[in-house]
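Results of the structural survey
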Amino acid sequence: MARIERIREAVTGSVDLEYVRQKTEAGWKLVAMEWRREIATDAAQESVIMEEIPYGLRVAPDCSRLEEDPQERTVLLQMMELIVQDYSITLVASELNKRSLRTRSGGLWTPVSVFNMLPRLIEVGPHIFSSDDWESRRDRLLKMV
């Protein structure tokens, strides 16, 4: 099998037909071409802020607001319950995986992914702790202890 040699040249001026002919005669074959130009942009386009949707929320069907995602809310509640029971982050990840709860991307929970959720748990904690669902969970947890 023949060995293939490749070179990449930065173009500083325009490329004429004579240059392409010389390269072809030397045995080179053109395999790619990249074009680039500057375009005018609107200031409004440059100020667009891209932000990840917080875990536990999703874009509403009308695309005008965020609403709770029931599956992710379940994961947040389970995570909060395990942390309140003083499980280590490693055990929290393991328990979530045993309960077939997955990350937003569908992957398994790892100690790092659980750790990265802690700021979000702190953010939604007051909402979770004031819910009726948490009241019943708290009573059940107190009976366990």
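A few points on the structure. (Residues numbered from 1 in each chain as written. Predicted model: local features only at pLDDT ≥ 70, side-chain atom pairs only at ≥ 80, totals over all residues. Heavy atoms only, no water.)

Let us look at the pattern of salt bridges. Pairing is possible between side chains of opposite charge, provided their charged atoms come close. Using the criterion set out here, one finds 11 salt bridges in the structure. Between Glu52 and Arg104 there is a salt bridge, with its nearest N and O atoms 3.8 Å apart. Here Arg104 lies in the loop between α4 (89–98) and α5 (111–129) and Glu52 lies in the loop between α2 (43–46) and β1 (57–59), a separation of 52 residues in the sequence. Glu52 gets classed as exposed once you look at its relative accessible area, which sits at 68%. (Salt bridge = Lys/Arg side-chain N within 4 Å of Asp/Glu carboxyl O. Helix = DSSP H or I, 4+ residues; strand = E, 2+ residues; numbered from the N terminus. Buried < 20%, exposed > 50% of the residue type's maximum accessible area, 1.4 Å probe, protein only.)

The next subject is the packing of helix α3 (residues 70–84) against α4. Following both chains from N to C, one finds α3 and α4 inclined at 140°, their axes separated by 10 Å at the closest point. Relative to α4, the element α3 lies oblique. When you trace α3 past α4, the crossing you get is right-handed. Contacts between α3 and α4 involve Val75, Gln78, Met79, Leu82 and Ile83 on the former and, on the latter, Val92, Glu95 and Leu96. The residue makeup of the contact of α3 with α4, split by class, is 6 nonpolar, 1 polar and 1 charged. (Axes fitted to C-alpha atoms, helices over the stretch in contact; angles between N-to-C directions. Parallel < 35°, antiparallel > 145°, perpendicular 65-115°, else oblique. Left-handed = near helix turned anticlockwise from the far one by under 90°. Contact = heavy atoms within 4.5 Å. Nonpolar A, V, L, I, M, F, W, Y, C, P; charged D, E, K, R; others polar.)

Attention now moves to the packing of aromatic side chains. This structure, assessed with the given rule, holds 1 aromatic pair. Arranged with centres 6.0 Å apart and planes meeting at 80°, the rings of Tyr55 and Trp109 form a pair that is edge-to-face. Remark: Trp109 occurs in the loop between α4 and α5 and Tyr55 occurs in the loop between α2 and β1; sequence separation between them is 54 residues. Per residue, the accessibility class of Tyr55 equals that of Trp109, and both read buried. (Phe/Tyr/Trp six-rings, centres within 6.5 Å; stacked < 30°, edge-to-face > 60°.)

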